[in-house]
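# Descriptive structure summary
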Amino acid sequence: MGIKSWLSQAARTLKLASKPGREELWLSIKISILGIGAVGLIGFVIKLIASIIPGSASG
């Protein structure tokens, strides 16, 4: 795939793309925040369990 072909496909994609509405954007932000929070919570729980277990490598 050459540069000219890639640029042509990128231009076609940008023509089809549209800006999300306010509700769709807010929904995406809420889902992202929930996902980041869930990953952080899982990491915190794992760290907490590792610090409770005696002889763990991270504690």
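Above this text sits the structure in question.
A brief report on the enclosed structure follows. Worth saying up front: this structure is predicted, and the values here are computed from it rather than measured. Within each chain, residues carry numbers counting from 1 in the order of the written sequence. Restriction of local features to residues with pLDDT of at least 70 applies here, the model being predicted, together with a cutoff of 80 or more for giving and counting side-chain atom pairs; totals for whole chains, interfaces and linings are based on all residues. The side-chain figures draw on all heavy atoms in the structure; neither hydrogens nor water molecules are used.

## Overview of the overall build of the protein
When its secondary structure is counted, the protein shows two helices and zero strands. Considering only C-alpha atoms, the protein reaches an extent of 60 × 35 × 10 Å along its principal axes. When each of the 59 residues of the protein is scored for burial, the buried share is 2%. Looking at the protein as shown, the accessible area adds up to about 5,700 Å², and 71% of this sits on carbon and sulfur atoms. Here a helix means four or more residues in a row that DSSP labels H or I, a strand means two or more in a row labelled E, and each is numbered from the N terminus. Burial classes: relative accessible area under 20% of the type maximum marks a residue as buried, over 50% as exposed, and values in between as partly exposed (1.4 Å probe, protein chains only). Computed by Shrake-Rupley with a 1.4 Å probe, the accessible areas treat only the displayed protein chains as cover when residues are assessed.

## Things to note about a nonpolar patch on the surface
A cluster of nonpolar side chains, Leu41, Phe44, Val45, Leu48, Ile49, Ile52 and Ile53, forms an exposed patch at the surface whose accessible area comes to about 680 Å². You can see Leu41 is positioned in helix α2 (residues 22–52). Each patch is built from residues lacking any salt bridge and having more than 30% relative accessible area; the joining distance is 9 Å for like charges and 5 Å for nonpolar side chains (Val, Leu, Ile, Met, Phe, Trp, Tyr). The rule for a salt bridge is simple: a side-chain nitrogen of Lys or Arg has to be within 4 Å of a carboxyl oxygen of Asp or Glu.

## Here's the deal with helix α1 (residues 3–16)
To estimate how far a helix should reach, multiply one less than its number of residues by 1.5 Å. Compared with an ideal rise of 1.5 Å per residue, which puts 14 residues at 20 Å, α1 spans 20 Å between its outermost C-alpha atoms and is within 8% of the ideal. Among the 14 residues that make up α1, zero are buried, leaving the element largely open to the surroundings.

## Section: the environment of Lys15
By the element assignment, Lys15 lies in helix α1. For the pair Lys15 and Ile49, spaced 34 residues apart in sequence, the C-alpha to C-alpha distance is 50 Å.

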